[in-house]
Amino acid sequence: MSVVDIDQLEFSYDRKSKPVIQKLCLNIEQGEIVGIVGSSGNGKSTLLRLIAGLEVPSAGVIRINDKTVNDKSTFIQPEHRGVGMVSQDYALFPHMNVASNIAFGLHRMPRKKRQERVQELMELIQLKGYEDRYPHELSGGQQQRVALARTMAPRPSVVLMDEPFSSLDAELKQSIRSELRDIVKAEGMTCLFVTHDQADVEDMSDRYIRLGQ
Amino acid sequence: MSFRQIKAYIKRNLNGWWIVSILGAAVILLPILFVFLSIFETPSEHWAHIKEYLVKDYVIETLTLTFITAITTTLLGVSLAWFVTVFDFPGRKILRWALVLPLAVPPYIGAYTYSTMFSYTGVVQVTLRNWGFHPSQDWISLTSMRGAVVVFTLFLYPYVYLVTRSFLERQSASYIENARLLGRNGMSIFFWVAMPICRPAIVGGLSLVVFEVLSDYGVTQYFGLQTVTTAIFKTWFGMYDVNSAMRLAAWLMVILAGFFLIERVLRRHRKYSASTSKSKPLQPIKLGSVKGTAVLLFGMVVLAAAFAVPILQLIVWATWTYQDVWNDQFMFFIGRTLYTAAVSTVIIMLLSLIVGSATRSRSWGSALLSRTVIAGYSIPGAIIAIGVLGVFLSLDQVYGEVYRLLGGKGTPVVLSLTAAMLIFGYVIRFMATGYNAVEVGFEKTGTRYSEASRLLGRSRLYTFWRVDLPLIKGAVLSGCILTFVEICKELPLALLLRPFDFETLSTRTYQYANNEQIHEAAIPSLLIIGISFISVYVLHYLDKRWET
Ligand SMILES: Nc1ncnc2c1ncn2[C@@H]1O[C@H](COP(=O)(O)OP(=O)(O)OP(=O)(O)O)[C@@H](O)[C@H]1O
Ligand SMILES: [Mg+2]
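Just so you know, these numbers come straight off a predicted model, no measurement behind them.

(A) Geometry of the interface of chain B and chain A. Contacts between the two partners involve 22 residues from chain B and, on the opposite side, 28 residues from chain A. Carbon and sulfur atoms make up 61% of the area that chain B and chain A hide from each other, which totals about 2200 Å². At the boundary of chain B with chain A, the tally comes to 3 salt bridges. Here R454(B) ties to E79(A) by a salt bridge, and the two come within 2.5 Å at their closest N and O atoms. Here chain B is connected to chain A by 8 residue pairs in polar contact (both at pLDDT 80 or more). Listing elements by their share of the side of chain B that touches chain A, those giving two or more residues are α1 (3-13), α19 (448-455) and α20 (460-471) of chain B. The element that contributes the greatest number of residues to the side of chain B that touches chain A is α19(B), accounting for 7 residues. Among the residues making up the side of chain B that touches chain A, the classes are represented as 10 nonpolar, 3 polar and 9 charged.

(B) Representation of the state of the cysteines. Residue and element names in this part refer to chain B. With the rule as written, the count across this model stands at 0 disulfides over all chains. C480 takes part in no disulfide bond, and the closest cysteine sulfur to it belongs to C488, at a distance of 12 Å. Here C480 falls in the partly exposed class, since its relative accessible area comes to 25%.

(C) Region of the structure containing the side chain of T337(B). All names here are of chain B. The topology assignment puts T337 in helix α15 (residues 328-358). What makes T337 buried here is its relative accessible area of 3%. Each residue touching T337, except ones within four places of it in the same chain, is listed here: C488, E503, T504 and L505.

(D) Geometry of the packing of aromatic side chains. Residue and element names in this part refer to chain A. Across all of its chains, the model carries 23 aromatic pairs over all chains by this definition. Residues F165 and F193 carry aromatic rings whose centres are separated by 6.4 Å and whose planes lie at 65 degrees to one another, so their mutual orientation is edge-to-face. Of this pair, F165 sits in the loop between β7 (158-162) and α5 (170-187) while F193 sits in strand β8 (residues 190-194), placing them 28 residues apart in sequence. On the basis of relative accessibility, which here comes to 0%, the residue F193 falls in the buried class.

(E) Representation of empty space enclosed by the protein within the structure. Residue and element names in this part refer to chain B. Taken as a whole and judged by the stated rule, the model has 4 cavities of 30 Å³ or more. Taken as a whole, the largest cavity holds about 60 Å³ of empty space. Elements with a contribution of two residues or more to the lining of the largest cavity: α5 (107-117), α11 (218-222) and α23 (505-514). Within the lining of the largest cavity, the residues separate by chemical class into 5 nonpolar, 3 polar and no charged. Domain assignment of the residues forming the lining of the largest cavity places at least three in each of domain 1 (27-51 + 316-548) and domain 2 (55-225).

(F) Structural context of the domain arrangement of chain B. Residues and elements named next belong to chain B. On domain assignment, one finds that chain B holds domain 1 (27-51 + 316-548) and domain 2 (55-225). Each of domain 1 and domain 2 was reduced to a C-alpha centroid, and the two centroids are 28 Å apart. Buried surface at the junction of domain 1 and domain 2, both sides included, amounts to about 2200 Å², of which 69% is carbon and sulfur. When residues of domain 1 are sorted by the area they lose upon contact with domain 2, W317, I529 and V536 head the list and together hold 19% of the total. On the surface where domain 1 and domain 2 come into contact, there are 0 salt bridges. Taken together, the elements giving at least two residues each to the side of domain 1 that touches domain 2 come down to α3 (45-86), α22 (492-497), α23 and α24 (522-547). Ranked by residue count, the leading element in the side of domain 1 that touches domain 2 is α24, at 11 residues. Partitioning the side of domain 1 that touches domain 2 into residue classes produces 19 nonpolar, 8 polar and 5 charged.

(G) Quick peek at the coordination of the magnesium ion (ligand 2). Residue and element names in this part refer to chain A. Within the first shell, the magnesium ion (ligand 2) binds the protein through S45 (OG) and Q88 (OE1), at distances of 1.9 to 2.6 Å. Residue S45 is located in helix α1 (residues 44-52), and its partner Q88 is located in the loop between β6 (83-86) and α2 (98-103); the two are separated by 43 residues in the primary sequence. Taking relative accessible area as the criterion, S45 reaches 24% and is therefore assigned partly exposed. A relative accessible area of 42% places Q88 in the partly exposed class.

(H) Focus on the packing of α3(B) against helix α10 (residues 186-215) of chain B. Residues and elements named next belong to chain B. Where α3 contacts α10, the axes come no closer than 8 Å and their chain directions differ by 135 degrees. Classified by the interaxial angle, the pair formed by α3 and α10 is oblique. Crossing of α3 over α10 shows right-handed handedness. In contact with T62, L65, T66, T69, A70, T73, T74, V78, S79 and W82 of α3, α10 contributes G186, I189, F190, A194, M195, I202, L206, V209, V210, V213 and L214. For the contact of α3 with α10, the residue count by class is 14 nonpolar, 7 polar and no charged.

(I) Molecular detail of the environment of L30(B). Residues and elements named next belong to chain B. Here L30 is to be found in helix α2 (residues 16-37). Residue L30 is classed as partly exposed on the basis of its relative accessible area of 39%. A C-alpha to C-alpha distance of 7.6 Å links L30 and V391, two positions 361 residues apart in sequence.

(J) Expanded view of the side chain of T113(B). Position of T113(B) relative to the elements: it lies in helix α5. The contacts of T113(B), once residues within four sequence positions are left out, are P310(B), Q313(B), L314(B) and W317(B).

(K) Structural view of the confidence of the model for chain B. Residue and element names in this part refer to chain B. A residue-level look at chain B finds 93% of positions with pLDDT of 70 or above and a mean pLDDT of 84. Looking across chain B, the model is least confident in α1, with a mean pLDDT of 66, and most confident in α19, with 92. Counting interchain partners and residues more than four positions distant, the pLDDT-below-50 stretch residues 271-277 has 8 contacts. The complex model carries a pTM of 0.83, and its ipTM stands at 0.87.

(L) Quick peek at the nonpolar core. One finds W82(B), L99(B) and L248(B) to be the most contacted residues of the largest nonpolar core, which totals 161 residues. If we skip the residues at most four places from it in the chain, L248(B) touches W47(B), I50(B), V55(B), Y58(B), V228(B), A231(B), I232(B) and T235(B). With 35 residues, the next largest nonpolar core counts I33(A), Y90(A), V146(A) and F193(A) among its residues.

(M) View of the sheet that holds strand β4 (residues 59-64) of chain A. Residues and elements named next belong to chain A. Read from one edge to the other, the open sheet built from 4 strands follows the order β2-β1-β4-β5, with strand pairing classed as antiparallel. The sheet terminates laterally at β2 (21-29) and β5 (67-70), the two strands that pair on one side only. Between one strand axis and the next, the sheet turns by 20 degrees as a mean value, whatever way the strands run. α1 rests against β1 (2-11), β2 and β4 of the sheet, and its axis sits at about 115 degrees to β1.

(N) Region of interest: the pattern of salt bridges. All names here are of chain A. Scanning all chains against the criterion turns up 24 salt bridges over all chains. Residues E55 and R49 are paired through a salt bridge, measuring 3.0 Å at the closest nitrogen-oxygen approach. Take R49: its relative accessible area is 18%, and that puts it in the buried class. R117 is the partner of E187 in a salt bridge, and the nearest nitrogen-oxygen pair spans 3.8 Å. One end of the pair, E187, is in helix α5; the other, R117, is in helix α3 (residues 111-124), and 70 residues separate them in sequence. E187 sits in the partly exposed class, given a relative accessible area of 30%. For R117, a relative accessible area of 4% gives the class buried. Among the ionic contacts, a cluster of salt bridges with common partners joins R117, E120, R155 and E187.

Here is what the cut-offs are and how they apply
- Residue numbers restart at each chain and count upward from 1, following the sequence in its written direction.
- Chains and ligands are labelled sequentially in the order written, the chains with letters from A and the ligands with numbers from 1.
- Local features in a predicted model are, by the rule used here, given only for residues with pLDDT of at least 70; side-chain atom pairs are given and counted only at 80 or more, and totals for whole chains, interfaces and linings are based on all residues.
- Hydrogen atoms and water are omitted, and side-chain values are computed over all heavy atoms in the structure.
- Throughout, a residue-residue contact means that at least one pair of heavy atoms, one from each residue, lies within 4.5 Å.
- By buried area we mean the combined loss of accessible area, with a 1.4 Å probe, across both parts when two parts are placed together.
- Just to be clear on terms, a salt bridge is a Lys or Arg side-chain nitrogen sitting within 4 Å of an Asp or Glu carboxyl oxygen.
- Polar contact is defined as a pair of N or O atoms within 3.5 Å, subject to the rule that within protein one atom must be able to donate a hydrogen and the other to accept it, and that residues adjacent in sequence are counted only when both atoms are side-chain atoms.
- Numbering of helices and strands runs from the N terminus; a helix is a DSSP stretch of H or I covering at least four residues, while a strand is a stretch of E covering at least two.
- Residues are grouped as follows: nonpolar covers Ala, Val, Leu, Ile, Met, Phe, Trp, Tyr, Cys and Pro; charged covers Asp, Glu, Lys and Arg; every other residue, Gly included, is treated as polar.
- A pair of cysteine sulfur atoms is labelled a disulfide when the two atoms are within 2.5 Å.
- Under the scheme applied here, a residue whose accessible area is under 20% of the maximum for its type counts as buried, over 50% as exposed, and between as partly exposed, the area being computed with a 1.4 Å probe on protein chains only.
- Within 6.5 Å between ring centres, the rings of Phe, Tyr and Trp (the latter by its six-membered ring) count as paired, and their orientation is classed by plane angle as stacked under 30 degrees, edge-to-face over 60, tilted in between.
- A pocket here means an open set of points on a 1 Å grid, computed over the protein atoms alone, that has protein on both sides within 12 Å along at least five of seven lines. A cavity is instead a set of points where a 1.4 Å probe fits but cannot get out; residues with an atom within 4 Å of a point line either one.
- Grid points are joined across faces, edges and corners, and a volume is the space filled by probe spheres set on the points.
- Note: domain ranges come from an automatic or database domain assignment.
- Because no water is among the atoms considered, metal sites can look incomplete, with donors defined as N, O and S atoms within 2.8 Å of the metal, or 3.2 Å for Na, K and Ca.
- Only the contacting stretch of a helix is used when fitting its axis, a line to C-alpha atoms as for every element, and angles between N-to-C directions run 0 to 180 degrees.
- Roughly parallel means an angle under 35 degrees; roughly antiparallel means over 145; roughly perpendicular covers 65 to 115; every other angle is labelled oblique.
- Each crossing gets its handedness from the near helix: less than a right angle anticlockwise from the far helix is left-handed, clockwise is right-handed.
- The quantity known as pLDDT measures the predictor's confidence residue by residue, on a range of 0 to 100.
- Here, the term nonpolar core denotes a set of buried Ala, Val, Leu, Ile, Met, Phe, Trp, Tyr and Cys residues that are joined through side-chain atoms within 4.5 Å.
- Strands pair, by our definition, only if DSSP identifies at least two bridges between them.

Here is the structure:
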C-alpha cells in the first residue's frame, strides 16, 4: 500500500519566477524510510511543506494513506493530514518547557498515558532530567532532539524530517539514527527525510531520491 | 487567474476567521461608501447655497492653512532632527528624546492655552504691561490663521522630527561623510545633501502633519477659521443637513487624495533606502562651547514653548479651578471616557487579532483585507463621523419599520442616540493602531510556531490561544495602550457622534474652552495630556527595545 503518493506536482513561490517543483512524481510504501538528497536550494524543504499542507501546489495531486489531500478541488488542512514534521529550524515553542513541547500533540491521550509517553521519548532522545528547561536553555543539538521527540510523540503515520541530524555530533547521530530507525519500523511509521550526509542515507534509509538535476 | 482557481482559493480559505474578517471589513467600509454615494443623491436646498458661496472659500482657507503649516513644521522638525543627529553637544541625549514630548499635547488644548496666554488679560500681555511695554493687539494676539499655524507647528513638528531623525541616524552616514570629505561645510551639506536624501522621510512625517491639520476641528474652530472640516460641523450642528455634510466630506476626501498624490510623487525615488542593511550610524561632530550652547538653547526654547510653558500654565489654572471642576459629575465623565475607550479598544483588538490571523499567509485576498480594515486611519474623523451618522440614521429608519411591522408599540430604541454609534466610529477610525501592532507581532514571530502546532494536530483556534497569542502578547499589549490613548484624546468623532448629554474628557475640555471657561478646561486637559504621555512613553520604550 502506498502511503504517500504524489503525481505531477508543481509549485512556485510566485507566479513570475520559475517553478521550484516541476512535474514531480513520488510513491512511498507503508513503513518505508526514504532519504531525499539534492543540492541546496533545489526544493527539498518545499517538497516536505507541500506534503504537510503548509504550501498549496499550483497543480498535481497528493494522496496520503489513500486519501486525496490535495488536488484541484480539495485541500485538507495540515492538522487533519496525520503528518508529522520536524522543520529545519525546530520551531520549539519558546513559551513552553521541554515536557510541554513534547506533550503538545498528545491531546487525544489521557493524562497518565501522556506522561508515560513523554518519559519514553525523553529517554529516547537522551535528555532525561531536562523536562523543565525552556528551549532557549538548550544547545542546538538538544533542541533538535526535542523537536524530533515532539513530532514522534503522537505517532503520525508519516513523519517528515528536514535535516533532522544536522546539529548532532557523529557519535550521538549514530545512536539516535539507529534508535530512530528501530522506532519508526516498530511503530510502522513511514518516514521521509532530507539530508546532506551520505552516511544518514546509508544508515537509515531503505532507499533515497535525488531531487533536481 | 481563472474562475476555478478563484473558487479553489475561496474554498481553501473559507473558515470562521475569514468570514469574520470579511464581515468586519465590510462594516468598516460601509460608512465610507455612504459618504461617496451621497454625491449621487439629490442635494438638499442648502447645498446649492453652500456650493455657490462657500465651498471655494473653505477650500482656499484649508489649502492655505495646510501649506503654510507644512512649511513651518518642516523647517522646525528637520532642523531639530539635524542638530541632534549631526552634532554633539552637552544635553544632546536628553534633548533628542525630549523633543518628542509635545506630541502628548493635543493641538486643541495648545490652541486655547496659547491664545489665552497671549490675550489682553493673559500672562504675556500683563507681564509686558508691568514692564512698561504696550504692544499693539494686532501684533501680539494669537488669532485666526497666525494662531493656528503657530499652534500646529509647535505641537505637530515632532512627526517630522521623529521620522527625519531616525532616517538621519540610520541611513545618512555615508552620504554626509562623503560630502564632508569633498570639502562641503555644514550649511551646504544640510541643504544640498541632507534635505534631498531625507526627502522621502520628511514627506512621510509631513503627511501625518497634513492629515492632522486637514482633520482638525478643535484648533481651527477655536481660531475661527473656515475650513472644510469646520464647515462639515456647521452644516450638521447648524442645519442638521447630513446630505450637505456628506458632500463636504466628499470634498475633503478629494483634497486629501490630492495631498496623497503629491506625497506619492515626492516619495517616488525611494531607492536611497536600498543600502539600509549596510549602513552604519552617523558619527556626530563635537561642537565648541559657544555653538553647542546655542544649539542647546534653541532646542530648549522649542521645548519650553511646545511643552513646558503650556503645561505650567495649565497647572496654574488647574489650581485656580480645582474645587469647581473636580466633582462627582466630573468623575462620572472620566469613568465614561475610560469605559467607552476600553470597550472600543477591546473590539478593535479582537477584530485585529482575527483579521491578523486570517491574513497571515500572503495572498491577494489577505493584502486587500488588511488594507481595508485600516482604511479608517487615513480618513479624517469628521468624514467617518458623517458616514457613521448616515449609516445609523438609515438603520434607524429600517429598524423603525421592522419594529412597527412586528407590531411593536411606542417608539423603538433609536440607535443613533446610543453610545454604540460613537464606539462604531472609534473602531473604524482607530482600527489601524491596534491592527498594525498585531501585524508587527505576527511578522516578528513568523509562521513556524503555528505551523508546528497545526502539524501536531491542533486546530486553528487552539493554536491561536496557546501558541500565537502568548507569543505576541507584548505587541497586543502595546497595541491596546496606543489605541486606548488615541481614543481618549479624540475630539471630532466624539463631538459629532456622542449621544445627547454624553461627555468625554475631550468634549468636556472643548465645551469649557468654547464657553470662555478656559481655566476650567485645564483639569481635563491635564488629564488628557497625562494619558497621552503613556503612549509617548510606550512608543519610546518600543523604539528602544527595537534597537537592541
Ligand atoms: N518563502 C519563500 N519565498 C520565495 N522563495 C522561496 C521561499 N522559500 C524558499 N524559496 C526558494 O525556493 C527554492 C527552494 O527552497 P527550499 O527551501 O525548498 O530549498 P532546500 O532544497 O530545502 O535547500 P537547503 O538544502 O538549503 O535547505 C530556493 O531557490 C529558495 O530560494
Ligand atoms: Mg531546506
